[in-house]
2 protein chains.
Amino acid sequence: MTRVFNFSPGPATLPEAVLRQAADEMLDWHGSGMSVMEMSHRGKEFIGIHAEAESLLRELMGIPASYKVLFMQGGAIGENAIVPMNLIGKTGSADYVNTGEWSKKSLKEAKTYGKVSIAASGEASNFTAIPKQSEWKLDPNASYVHICSNETIGGVEYHWTPDTGAVPLVADMSSNILSRPIDVSKYGLIYAGAQKNMGPSGLTVVIVREDLMGHALPITPSAFNYKTQADADSMYNTPPTYAIYIAGLVLKHVKERGGMAAMQEHNRAKAKVLYDYLDQSRFFSNSVARDDRSLMNVPFQLRDAALDEAFLKGAQAKGMIQLKGHRVVGGMRASIYNAMPIEGVRALVQYMKEFEQQHG
Amino acid sequence: MTRVFNFSPGPATLPEAVLRQAADEMLDWHGSGMSVMEMSHRGKEFIGIHAEAESLLRELMGIPASYKVLFMQGGAIGENAIVPMNLIGKTGSADYVNTGEWSKKSLKEAKTYGKVSIAASGEASNFTAIPKQSEWKLDPNASYVHICSNETIGGVEYHWTPDTGAVPLVADMSSNILSRPIDVSKYGLIYAGAQKNMGPSGLTVVIVREDLMGHALPITPSAFNYKTQADADSMYNTPPTYAIYIAGLVLKHVKERGGMAAMQEHNRAKAKVLYDYLDQSRFFSNSVARDDRSLMNVPFQLRDAALDEAFLKGAQAKGMIQLKGHRVVGGMRASIYNAMPIEGVRALVQYMKEFEQQHG
């Protein structure tokens, strides 16, 4: 068996140790005589798995007791509707900061449920930079301010925490959750699809300050009502049990590796290898403002786009896959989440050097 | 390793062969060098897995070409809202047949999105029988008529297909899909959470006649809009990829076992073992009308409820778990889906006999 270096933006590579454990436990979890997939969500075995996953997430991220952790069905695109359904009703309006494709999806979806204002936009820079806080026009009457903390497609990331005063800050952290320490208390709500740094697709984690719940619009489906789910410990409906189990294994693995500080160091080191090479190359380039570069998703261009196909084919032959960039930005993209080892990034840079020598 | 007989109503027991294959393929699916969990949903490997699952479902259920098959995020409780969001807008109203707990959940949720009429109710029989078609009061102007084809909690099941004329019939088949042949062309829409007969929780299959799409209410989230998902082959958002993979393995397994006709024979034989014993026992009883008894979920009562705990404890000691009935009906419930072998039902009846001899 040869494992590839998988640079997919999500679903994405997972720690091999986690997959080994999942395989070992597939038919008989801890002597229970069944797979986690077969367990009743109301049984003591799964309730324990669920509680441990929550407890690990709380510990790793330092989530205050005044926040609920919800394990919801679905992904971030669904949550783009569910967030305004639950929160925008307080005042009827919300501020959105537009930093690229995922911000645009979020704000477009929110317009169905209330008045949406663009507090700031990276459009002038073609979304290669995060608008500086001094340029933001915030509405003190907004129900919340929404950001995307890392744009998976454009490759821009907040390396600072916005100050939104008394208005709660809401962040889509799908593609950089668990990648570094953050101060949860500075956010009103954090949500993240699991399929980048946490586990399989089909699970969305929502971390919500308790006082923000209770303003759901009447059209909110019960299964997507944060208050209803919080009151039922995320078990108002059947949760995506196997995805929660895998997320729990990933969280345990992250803890064993040293937690958020260690992840940050690991991710900085990996990204540095790639960005340092890009910055000295005359053949490859990355156009994102240096202060706003993502440590998770690194888009890059070849000088001659006609060579894109050859580059991808050569990478595939060396066991490096899913490097094709999103059509919106073109070129290449290397997604280097927590579970991508530094060896994968080094192998990529080595291949890029060879390709540059051959074609540059 | 000893596998238990797991009578959980869902998530539920899965075929051991499927779990073995999933374990074997966990780190390296078909030489791809990655787990299915790690695959981009846009990559050729997962697109193939997704297409095969759909093709197997179409073949097994005989789904006509004029129906779309959607693999959606979530479960049936979410779908209880998503169905009316998508369909009730045509005329603004819908008919619901109330046959128990799951019907009630569905119709309660639908009221948020339009006018809901109760076309028939099993309330008079305390939901131990399906109301006969002759008693139904159907509104020819309804957007659809909703039924729950098998009540997981109450243990009543339709063994006939309602005739709703020109009004489309919508069925929640979560707990009896794939258990027997059905004529899909008699339904406008069928939906089913996967976690009983198809796979892990977190996946809902929707089979919808094409002409019924396109009436979604403006408040429908994009990710839950059937037309949007159908136009994108269920990939408008990231689907629950691993759950779809497991469902595909289950479908392949069902096909190998002989398809729907073989499942029906298998399920009838299993249920007969249990109902035959219940009908001659003076200690255990089932109160559902004979014609409407579920082949999937068999609730039963002990003559003396004070013995419930002892019964459950003894069952657990013999490796038979999750037999406790839902609090609404009390007593016991044996869920005997496709993947429950007849040996499991025989073992249960053997234990019941012994328990009756001891305590009867």
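Residues numbered from 1 in each chain as written. Chains lettered and ligands numbered in written order. Predicted model: local features only at pLDDT ≥ 70, side-chain atom pairs only at ≥ 80, totals over all residues. Heavy atoms only, no water.

**Here's the deal with the interface of chain A and chain B**
Counting from both sides, the interface comprises 63 residues of chain A and, opposite them, 63 residues of chain B. The contact between chain A and chain B buries some 4,600 Å² in all, and 62% of this surface belongs to carbon and sulfur atoms. It is A:L27, A:M37 and A:E38 that lose the most area in chain A upon contact with chain B, and together they represent 16% of the buried surface on that side. Our count for the chain A to chain B interface comes out at two salt bridges. When the shortest N-O distance is used, the salt bridge between B:R3 and A:E38 registers 2.7 Å. Counting every contact that joins chain A to chain B gives 22 residue pairs in polar contact (both at pLDDT 80 or more). For the side of chain A that touches chain B, the secondary-structure elements that each account for two or more residues are helix 1 (16-24), helix 3 (76-87) and helix 6 (241-256) of chain A. For the side of chain A that touches chain B, the class distribution of residues is 30 nonpolar, 26 polar and seven charged. (Contact = heavy atoms within 4.5 Å. Buried area = accessible area lost by both parts, 1.4 Å probe. Salt bridge = Lys/Arg side-chain N within 4 Å of Asp/Glu carboxyl O. Polar contact = N/O pair within 3.5 Å; in protein donor to acceptor, adjacent residues only side chain to side chain. Helix = DSSP H or I, 4+ residues; strand = E, 2+ residues; numbered from the N terminus. Nonpolar A, V, L, I, M, F, W, Y, C, P; charged D, E, K, R; others polar.)

**Describing the UniProt feature "modified residue: N6-(pyridoxal phosphate)lysine" (unreviewed entry) in chain A**
Residue and element names in this part refer to chain A. As recorded in UniProt, the feature "modified residue: N6-(pyridoxal phosphate)lysine" (unreviewed entry) lies at K196. Along the chain, K196 falls in the loop between strand 7 (189-193) and strand 8 (203-209). Within the structure, K196 has its side chain in polar contact with the backbone oxygen of P9 (distance 2.9 Å). (UniProt positions renumbered as here; feature names shortened; annotations may be inferred.)

**Description of the sheet that holds strand 9 (residues 284-285) of chain A**
Within a beta sheet, neighbouring strands are joined by backbone hydrogen bonds and run either parallel or antiparallel to one another. All names here are of chain A. One open sheet accounts for three strands, arranged 9-10-12; its pairing is antiparallel. Two strands lie at the open edges of the sheet, namely strand 9 and strand 12 (332-335), each paired on one side alone. Note that strand 9 and strand 10 (residues 297-302) share two bridges and pair antiparallel. Its bridge partner being in strand 10, S285 is matched across the sheet by Q301. Sitting on the sheet, helix 7 (residues 259-280) touches strand 9, strand 10 and strand 12, and the angle it makes with strand 10 is about 25°. (Pairing = 2+ DSSP bridges. Axes fitted to C-alpha atoms, helices over the stretch in contact; angles between N-to-C directions.)

**Concerning the environment of A:V205**
Residues and elements named next belong to chain A. Within the secondary structure, V205 is located in strand 8. Since its relative accessible area comes to 1%, V205 is described here as buried. When the C-alpha atoms of V205 and V349 are compared, they prove to be 33 Å apart, with 144 residues separating the residues in sequence. (Buried < 20%, exposed > 50% of the residue type's maximum accessible area, 1.4 Å probe, protein only.)

**Some words on the relation of the copies chain A and chain B**
For these two chains of identical sequence, chain A goes onto chain B by a turn of 180° and a shift of 0.0 Å along the axis, with RMSD 0.0 Å. Taken together, the rotation and translation relating the two chain copies correspond to the operation of a two-fold axis. Nearest to the rotation axis, the C-alpha of A:A23 is located 2.2 Å from it, this being the minimum over chain A. Residue by residue, 100% of the interface of chain A is reproduced at the interface of chain B, so both copies engage with the same surface. (Least-squares fit on C-alpha atoms with pLDDT ≥ 70 in both.)

**Details of the domain arrangement of chain A**
Residues and elements named next belong to chain A. If you check the domain split of chain A, you get domain 1 (17-256) and domain 2 (259-359). The gap between the C-alpha centroids of domain 1 and domain 2 is 27 Å. Listed as interface residues are 24 residues of domain 1 and, on the opposing side, 23 residues of domain 2. Of the roughly 2,000 Å² buried between domain 1 and domain 2 on both sides combined, carbon and sulfur atoms contribute 56%. Viewed at the interface, domain 2 and domain 1 are joined by zero salt bridges. Counting across the interface, domain 1 meets domain 2 through 14 residue pairs in polar contact (both at pLDDT 80 or more). Among the residues making up the side of domain 1 that touches domain 2, the classes are represented as eight nonpolar, ten polar and six charged. (Domains from an automatic or database assignment.)

**Some remarks on the UniProt feature "domain: Aminotransferase class V" (unreviewed entry) in chain A**
Per the UniProt entry, the sites bearing "domain: Aminotransferase class V" (unreviewed entry) are residues 4-348 of chain A in this numbering. Within residues 4-348 of chain A, the helical portion is 32% and the strand portion 16%, while the C-alpha atoms at the span's ends are 12 Å from each other.

**Concerning unusual backbone geometry**
Residue A:G10 is joined to A:P11 through a cis peptide bond whose omega torsion reads -10°. One can find A:P11 in the loop between strand 1 (5-6) and helix 1. Positive phi, close to 70°, is recorded for A:L178, a residue that is not glycine. Here A:L178 lies in the loop between strand 6 (169-172) and strand 7. Despite not being glycine, B:D233 shows a phi value in the positive range, around 50°. Summarising the element assignment, B:D233 is placed in the loop between helix 5 (226-231) and helix 6 (241-256).

**Focus on a positive patch on the surface**
On the surface, a cluster of positive charge is contributed by A:R42, B:K105, B:K108 and B:R327. Positionally, B:K108 belongs in helix 4 (residues 101-110). (Patch = residues over 30% accessible without salt bridge, like charges linked within 9 Å, V, L, I, M, F, W, Y side chains within 5 Å. Areas by Shrake-Rupley, 256 points an atom, 1.4 Å probe, with all protein chains shown as cover. Lys, Arg positive; Asp, Glu negative; His and termini not counted. Charge placed at Lys NZ, Arg CZ, Asp CG, Glu CD.)

**A few points about the pairing of strand 5 (residues 145-148) of chain A**
Residue and element names in this part refer to chain A. Because side chains alternate across strand 5, one face comprises the buried residues V145 and I147, and the other comprises H146 and C148, equally buried. Of the pairings in the sheet, the one linking strand 3 (residues 93-98) to strand 5 comprises two bridges and is parallel in character. Residue Y96 lies in a different strand from strand 5, and its bridge partner there is H146. Two elements, strand 5 and strand 6, share four bridges in a ladder whose sense is parallel. The residue bridging I147 from the neighbouring strand is A171, located in strand 6.

**Notes on helix 4 (residues 101-110) of chain A**
Residues and elements named next belong to chain A. For helix 4, the full list of buried residues reads W102, S103, S106, L107, E109 and A110. The buried side chains of helix 4 occupy one side of the element, clustering within an arc of 160° when seen end-on. In the core, the buried residues of helix 4 are packed alongside helix 3, strand 3, strand 4 (115-121), strand 5 and strand 7. (Arc of directions from axis to C-beta.)

**Quick look at the packing of aromatic side chains**
Scanning the entire structure with this criterion turns up 30 aromatic pairs over all chains. Aromatic pair A:F283 and A:F284: ring centres 4.9 Å apart, planes at 80°, arrangement edge-to-face. Take A:F284: its relative accessible area is 1%, and that puts it in the buried class. Residues B:F300 and B:F311 carry aromatic rings whose centres are separated by 6.1 Å and whose planes lie at 85° to one another, so their mutual orientation is edge-to-face. Taken together, the positions of B:F300 in strand 10 (residues 297-302) and B:F311 in helix 8 (residues 308-317) put the pair eleven residues apart, joining distant regions of the chain. Grouping residues by exposure puts B:F300 and B:F311 together as buried. (Phe/Tyr/Trp six-rings, centres within 6.5 Å; stacked < 30°, edge-to-face > 60°.)

**Focus on the packing of helix 7 (residues 259-280) of chain B against helix 9 (residues 342-359) of chain B**
Residue and element names in this part refer to chain B. Two numbers describe how helix 7 lies on helix 9: the axes approach to 9 Å, and their chain directions differ by 5°. Between helix 7 and helix 9, the angle falls in the class roughly parallel. Only I342, V345, R346, L348, V349, M352, K353 and E356 of helix 9 make contact with helix 7, whose side of the interface consists of H266, A269, K270, V273, L274, Y277 and L278. Of the residues contributing to the contact of helix 7 with helix 9, the split by class is ten nonpolar, one polar and four charged. (Parallel < 35°, antiparallel > 145°, perpendicular 65-115°, else oblique.)

**Side note on the nonpolar core**
It is characteristic of soluble globular proteins that their nonpolar side chains tend to be buried jointly. One finds A:M26, A:I207, A:Y242, B:M26, B:I207 and B:Y242 to be the most contacted residues of the largest nonpolar core, which totals 128 residues. When sequence neighbours within four positions are dropped, the list of residues in contact with A:Y242 reads A:A22, A:M26, A:V36, A:M37, B:M26, B:M37 and B:Y242. In this structure, A:I88, A:V116, B:V116 and B:L217 belong to the second largest nonpolar core, which totals 66 residues. (Core = buried A, V, L, I, M, F, W, Y, C linked by side-chain atoms within 4.5 Å.)

**Let's talk about the pairing of strand 2 (residues 67-73) of chain A**
Residues in a regular strand point their side chains to alternate faces of the sheet. Residue and element names in this part refer to chain A. In terms of burial, strand 2 is largely enclosed, as six of its seven residues are buried. One ladder, built from seven bridges, connects strand 2 with strand 8; its direction is antiparallel. Directly across from V69, in strand 8, lies its bridge partner I207.

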